[in-house]
Amino acid sequence: PRCGRGTASAKPQMPQRVEKVAAGVTAAAGAMLASPLYAEAASLSPSLKNLIGSVIAGATVFGGIFGAVYFVSNFDPVSRK
């Protein structure tokens with residue numbers, strides 16, 4: 001088996017292409033954010049905002065309970081004979 005140097009096949013035009021794609025994506029995102037339709041669609045209704053808050057609060061409580069059980073189970077192991 002050959003080991004050592006491999007041949008690099010990078011094209012010199014690649015950075016220009018990446019810059020052009022990035023500029024196009026940035027321009028499209030800017031146009032989309034400037035649209036009033038996008039701004040209206042991005043606003044959350046009060047019920048959706050409450051639902052998201054409830055899910056986050058439930059996940060926090062569940063995580064706290066799980067973390068407490070995990071901590072206690074590692075801190076005070078049961079030894080059976």
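Everything numeric in this text was worked out from a predicted model, so none of it was measured.

Undergrad: Break down the overall build of the protein for me, citing the residues and quoting the values.
TA: When its secondary structure is counted, the protein shows three helices and zero strands. For the protein, the N- to C-terminal ordering of α and β elements is α-α-α. Relative to its 81 residues, the protein shows a buried fraction of 0%. Here the protein has roughly 7,900 Å² of accessible surface; of this, 67% comes from carbon and sulfur atoms.

Undergrad: So, the packing of aromatic side chains: which residues are in play, and what are the values?
TA: A complete count under the given rule lists one aromatic pair for this structure. Ring centres of F71 and F75 lie 5.7 Å apart, and the angle between their planes is 10 degrees; on these two criteria the pair is classed as stacked. Separated by four residues within a single helix, F71 and F75 lie in helix α3 (residues 46–75), roughly one turn from each other. F75 shares its class with F71; the two are exposed.

Undergrad: Describe a nonpolar patch on the surface, naming the residues involved and giving the relevant values.
TA: Where nonpolar side chains cluster on the molecular surface, the patch consists of L44, L48, L51, I52, V55 and I56 and spans about 530 Å² of accessible area. As for its placement among the helices and strands, V55 is situated in helix α3.

Undergrad: Pulling in residues and values, what's your account of α3?
TA: With 30 residues, α3 ought to run about 44 Å at 1.5 Å a step, and its terminal C-alpha atoms sit 43 Å apart, in line with that. Little of α3 is tucked away, with zero of its 30 residues classed as buried.

Reading the values: rules and limits
- Residues numbered from 1 in each chain as written.
- Predicted model: local features only at pLDDT ≥ 70, side-chain atom pairs only at ≥ 80, totals over all residues.
- Heavy atoms only, no water.
- Helix = DSSP H or I, 4+ residues; strand = E, 2+ residues; numbered from the N terminus.
- Buried < 20%, exposed > 50% of the residue type's maximum accessible area, 1.4 Å probe, protein only.
- Areas by Shrake-Rupley, 256 points an atom, 1.4 Å probe, with all protein chains shown as cover.
- Phe/Tyr/Trp six-rings, centres within 6.5 Å; stacked < 30°, edge-to-face > 60°.
- Patch = residues over 30% accessible without salt bridge, like charges linked within 9 Å, V, L, I, M, F, W, Y side chains within 5 Å.
- Salt bridge = Lys/Arg side-chain N within 4 Å of Asp/Glu carboxyl O.
- Expected span 1.5 Å × (residues − 1).

Bear in mind that shape data such as this cannot, by itself, settle questions of function.
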